[in-house]
Amino acid sequence: MQRRKLFVANWKMNKTVSESIRCATELKNLLSGKQEHEVVICPPFTSLSALELVLQEVSVFTGAQNMHALDSGAFTGEVSPRMLVDVGCDYVILGHSERRQMYAENEESLSKKIKAALDHGLIPIYCVGESDEQNQAGQSFDVIEQQLQNALRGLSHAEGFRLVVAYEPIWAIGTGRSASPDWADKIHAFIREKLAVIFTKDVANSLRILYGGSVNQDNIGLLMDQENIDGALVGGASLDAKHFTSIVKYGDK
Ligand code: PGA
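Residues numbered from 1 in each chain as written. Predicted model: local features only at pLDDT ≥ 70, side-chain atom pairs only at ≥ 80, totals over all residues. Heavy atoms only, no water.

Attention shifts here to the overall build of the protein chain. Regarding its fold elements, the protein chain presents twelve helices and eight strands. Here the C-alpha radius of gyration of the protein chain, 17 Å, is about what a compact globule of 253 residues would show, namely 18 Å. Its C-alpha atoms give the protein chain principal-axis dimensions of roughly 50 × 45 × 35 Å. In the protein chain, which comprises 253 residues, the proportion classed as buried is 51%. Within the protein chain, contacts between residues separated by at least 24 positions form 72% of all contacts whose residues are at least 6 apart in sequence. By element, 50% of the accessible surface of the protein chain is carried by carbon and sulfur atoms, the whole surface being about 11,600 Å². Distance from the positive charge centre (25 side chains) to the negative charge centre (32 side chains) of the protein chain: 2 Å. (Helix = DSSP H or I, 4+ residues; strand = E, 2+ residues; numbered from the N terminus. Rg over C-alpha atoms; globule rule 2.2 N^0.38 Å. Buried < 20%, exposed > 50% of the residue type's maximum accessible area, 1.4 Å probe, protein only. Contact = heavy atoms within 4.5 Å. Areas by Shrake-Rupley, 256 points an atom, 1.4 Å probe, with all protein chains shown as cover. Lys, Arg positive; Asp, Glu negative; His and termini not counted. Charge placed at Lys NZ, Arg CZ, Asp CG, Glu CD.)

Laid out in C-alpha cells, this is it:
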C-alpha cells in the first residue's frame, strides 16, 4: 500500500512570531516546486495565524502541539479545537510524552481530545512511546498497546482513517540517540497490527505511522527505507529551515 510520506516539524516552545515567520518563509522558498511529501509545521499557538498567511500559497500545513477537548469555557490557559480551526490549523499533536510527563496528560483525557479533534475536522497526530526504563525491562510492546487501546477505542472506522500515529520512544527524544531503523520498524509493524485489531486491516494499512526521536539529516534515509515508517515527527532539527528541508528531501542527493 502506497502511503504518502508525512514530515511534521514540532517547534515545541521555540520561536516568537517574527522568528516563526522568518523560518517558515525560508522553508517555503527552500521547498518551492512540486512536493512529493506532505509537510506540516507545528509552531507555538501564538504563531499559528501568522504562519497560515505565510504558507497560504504552498502546500505546507500547520498544526498545534496540544488542545483542550471542549469548545469553550472556564479553562484558564487552554486553547479549544474551535479556535484552532478558526486560525486555519489542520493538524494537532496529541499525547506528546513531554505533555504526558510534565502536564499529567493521560489517556482518558487524550481519548476525548482525539475525538474532539476529529469532530472538528482536525487531524490528530497521536504520540505513543515507552520510557528508557520500560524499554530496558522489555515492556515496550505492552506499553504501546495500552496507549493505543486506551486512547483509540471507541472511534469509528471512518474516524480511524483520518488518524496519524507517531512512535516516539522517550529515550530517543532530544538525546541524539535515535532508535535503530530495525527497532523502529518492528514497533511500527506492531502498531499497525494493533490498529488492525482496533479498527480494520484497511484502516491500519492506510494510516501513516511516523517515527520521532533525534531524527536528523544523517539518519532519515535509513529510517524512511523501512516498510512501516511513513514519515517523521522532528523536534530539534526542525528549528532550522535548511536542516528540516534536507530531512524532507532526504532522497534527493
Ligand atoms: P527531537 O524531538 O527530534 O528533538 O528528538 C522529537 C519530538 O519530541 O517530537
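Next up on the list: helix H1 (residues 17–30). With 14 residues, H1 ought to run about 20 Å at 1.5 Å a step, and its terminal C-alpha atoms sit 20 Å apart, in line with that. In the core, the buried residues of H1 are packed alongside strand E2 (38–42), helix H2 (48–54) and helix H12 (241–248). (Expected span 1.5 Å × (residues − 1).)

Another point: the packing of helix H7 (residues 140–152) against helix H9 (residues 181–198). Interhelical geometry of H7 versus H9 gives an angle of 35 degrees and a closest axis separation of 10 Å. Both H7 and H9 take part in a crossing whose hand is right-handed. Contact with H7, carried on its side by Ser 140, Phe 141, Ile 144, Glu 145, Leu 148, Gln 149 and Leu 152, involves Trp 183, Lys 186, Ile 187, Phe 190, Ile 191, Lys 194, Leu 195 and Ile 198 of H9 and no other residues of that element. Per-class residue counts for the contact of H7 with H9 are ten nonpolar, two polar and three charged. (Axes fitted to C-alpha atoms, helices over the stretch in contact; angles between N-to-C directions. Left-handed = near helix turned anticlockwise from the far one by under 90°. Nonpolar A, V, L, I, M, F, W, Y, C, P; charged D, E, K, R; others polar.)

With that settled, the discussion passes to the sheet that holds strand E6 (residues 164–167). With parallel pairing, the eight strands of this closed barrel are ordered in space as E1-E2-E3-E4-E5-E6-E7-E8. Strand-to-strand twist of the sheet, defined as the mean angle between neighbouring strand axes without regard to direction, takes the value 25 degrees. As paired elements, strand E5 (residues 123–128) and E6 share four bridges and run parallel to each other. For Ile 125, the partnering residue across the bridge sits in E6 and is Val 164. The sheet strands contacting H12 are strand E1 (6–10), E2 and strand E8 (231–234), and the helix crosses E1 at an angle near 160 degrees. (Pairing = 2+ DSSP bridges.)

Turning our eyes to something else, we now look at the site of the ligand. Neighbouring residues of the ligand: 13 residues in total, closest Lys 12, His 96, Glu 168, Gly 174 and Ser 214. One of the side-chain nitrogen or oxygen atoms of Lys 12 is found 2.7 Å away from an oxygen atom of the ligand. One of the backbone nitrogen or oxygen atoms of Ser 214 is found 2.7 Å away from an oxygen atom of the ligand. If the ligand stood free it would expose 280 Å²; the protein chains cover 95% of that surface. For the shell around the ligand, a count of residues per class yields four nonpolar, seven polar and two charged. (Near = heavy atom within 4 Å. Polar contact = N/O pair within 3.5 Å; in protein donor to acceptor, adjacent residues only side chain to side chain.)

Nothing here speaks to function; it is geometry throughout.
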